[in-house]
Amino acid sequence: MQEKNESEKESPLAARLRPTTLEEIVGQQHIIGKDKLLYRAIKADKLSSVIFYGPPGTGKTTLAKVIASTTSADFCQINATIAGKKDMEEVVEKAKQTSAMYGKRTILFIDEIHRFNKGQQDFLLPYVEDGTIILIGATTENPYFEVNGALISRSNIFQLQPLTKDDLKVLINRAVYDKDKGMGVYDAVIEDDAAEFLADQAGGDARHALNAIELGVMTTDRSDDGKIHITLEVASQCIQRRIIKFDKTGDNHYNTISAFIKSMRGSDPDAAVYYLAKMLYAGESVTFIARRMMICASEDVGNADPMALVVATNAAQAVERVGMPEAQIILSQAVTYIATAPKSNAAVVAIGDAMDCVKETGDLDIPNHLKDAHYKSAGKLGAGKGYKYSHDYPNNYCKQQYLPYELTGKEFYNPSGNGYELKIREHMKRIKKEAENQED
């Protein structure tokens, strides 16, 4: 027992601080809140097979350890990076004996389950299906792509999210001041801006933040007051990040995103990539950056290059699936595309003028020939009568009244002479002119 206690003291801080009860877990309340299925199942010791999916440092192994400490079932753990079929055969054989002799269930926790090949996963299937083992799988990869579909269908999937800054600050303070599991016996203190910086730079990964705290406490000399002070400078050294003035709620945040947008609008890819890098380095959310890029692609590029919005939208989806650090390549590709694309704000002007018109004119009547002719009594009202089907005419265009009659001749969309909009402008001019000549 003494050897175990000494071993625990020598363990890394992240391991020592690992919760042993659900109440000690920080974050993930969307799946372990007191009214949630997983919380109730663990508390009642009625867990069925589950797969925990999420980025590193979000608590997948922690949840498995909590289950291990609360369940009456026999608990076994293997890591898919080093385990083979023989290891699983031994677990299954032991589970059968435990069930036959003691009537106890066996929970098998497989870390990095996506590392198992199809054959290894197939081996587990019949034993999960007949209840010989209850599977807990942990993976950083999307289980719907990496885990056997049959196992997926027999398991509940719980997705863990990156810890929030507030979650991480709770853990950071627990790490510094907890005398039983944390670094409290070292009489250290952490300054507010240092805790804020570490929580911001950890990227939702608790292990990353805790490793920095441990390094800071163990390598920093005591001050004149006898305490170890974790300052902002110490924090930046421990997490190997340069301090950048980038408060996500302050002026610098808004100034940087403003410069980023204006650089793309101004067709300066070098400046746009620089501000992208600055935001990424400072820990800005990639989803926030991607949203701003989609807006810019529509607001500032528009139909001058319709592909800009396609690129930006696909980039936004891709970065959510890929994550950092590779997501920065995707963002860079999209940013440079938007920055170098021909520009037009004609769509912005069009909707702005149209909205103003609607506010000023109210609910003008739709021309009768454009109304729906299919609903009951439409024929009696003459709805749809006189409508000209565009595809029956040359260029798939014919001249007829589309706007309310009170707005005859009103124009909202005026394509620019840039990029694809030049083709749009020339196309519309041509088909209208040819339609007029045919009427003459």
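Caption draft 1: Seen up close, the side chain of Asp205. Mapped onto the elements, Asp205 comes out in the loop between α11 (192-201) and α12 (206-219). Lacking a salt bridge, the buried Asp205 has Arg207 as its closest oppositely charged neighbour, with an N-O distance of 4.3 Å. At a separation of 2.9 Å, a polar atom in the side chain of Asp205 contacts the main-chain amide nitrogen of Arg207. Residues within four places of Asp205 in sequence aside, it is in contact with Pro56, Gly57 and Leu168.

Caption draft 2: Broad picture of the environment of Arg430. Mapped onto the elements of the fold, Arg430 is located in helix α21 (residues 419-439). When its relative accessible area of 38% is taken as the criterion, Arg430 is described as partly exposed. Residues Arg430 and Asn395, spaced 35 residues apart in sequence, show a C-alpha to C-alpha distance of 9.4 Å.

Caption draft 3: Examining the confidence of the model for the chain more closely. Of the residues in the chain, 92% reach a pLDDT of 70 or more, and the chain-wide mean stands at 85. Averaged pLDDT values for the elements of the chain fall to 48 in helix α1 (residues 2-10) and rise to 93 in helix α18 (residues 327-340). Low confidence marks residues 1-8, where pLDDT is under 50. Its contacts with residues over four positions away, or in another chain, come to one contact.

Caption draft 4: Quick look at the packing of helix α16 (residues 286-301) against α18. One way to put it is that α16 packs onto α18 with a least axis distance of 10 Å and a crossing angle of 20°. Between α16 and α18, the crossing angle belongs to the class labelled roughly parallel. Crossing geometry of α16 relative to α18 is assigned as left-handed. For the pair α16 and α18, contact is made by Val286, Ile289, Ala290, Met293, Cys296, Ala297 and Val301 and by Leu331, Ala334, Val335 and Ile338, respectively. Looking at the contact of α16 with α18 residue by residue, the class counts come to eleven nonpolar, no polar and no charged.

Caption draft 5: Just a nonpolar patch on the surface, in detail. A grouping of Val185, Tyr186 and Met218 is seen on the molecular surface, where their side chains present a nonpolar patch of about 290 Å² in accessible area. Within the secondary structure, Tyr186 sits in the loop between α10 (165-177) and β6 (188-190). We classify Tyr186 as partly exposed; its relative accessible area is 31%.

Caption draft 6: Here's a closer look at the pairing of strand β3 (residues 106-111). Within β3, six of the six residues are buried, which leaves the element mostly enclosed by the surrounding structure. Neither face of β3 is open: one carries Thr106, Leu108 and Ile110, the other Ile107, Phe109 and Asp111, and all of them are buried. In the sheet, strand β2 (residues 74-79) pairs with β3 via six bridges, with the strands oriented parallel. Bridge assignment links Asp74 to a residue of β3, and that residue is Thr106.

Definitions and limits used
- Residues numbered from 1 in each chain as written.
- Predicted model: local features only at pLDDT ≥ 70, side-chain atom pairs only at ≥ 80, totals over all residues.
- Heavy atoms only, no water.
- Helix = DSSP H or I, 4+ residues; strand = E, 2+ residues; numbered from the N terminus.
- Buried < 20%, exposed > 50% of the residue type's maximum accessible area, 1.4 Å probe, protein only.
- Lys, Arg positive; Asp, Glu negative; His and termini not counted.
- Salt bridge = Lys/Arg side-chain N within 4 Å of Asp/Glu carboxyl O.
- Polar contact = N/O pair within 3.5 Å; in protein donor to acceptor, adjacent residues only side chain to side chain.
- Contact = heavy atoms within 4.5 Å.
- pLDDT = per-residue confidence, 0-100.
- Axes fitted to C-alpha atoms, helices over the stretch in contact; angles between N-to-C directions.
- Parallel < 35°, antiparallel > 145°, perpendicular 65-115°, else oblique.
- Left-handed = near helix turned anticlockwise from the far one by under 90°.
- Nonpolar A, V, L, I, M, F, W, Y, C, P; charged D, E, K, R; others polar.
- Patch = residues over 30% accessible without salt bridge, like charges linked within 9 Å, V, L, I, M, F, W, Y side chains within 5 Å.
- Areas by Shrake-Rupley, 256 points an atom, 1.4 Å probe, with all protein chains shown as cover.
- Pairing = 2+ DSSP bridges.

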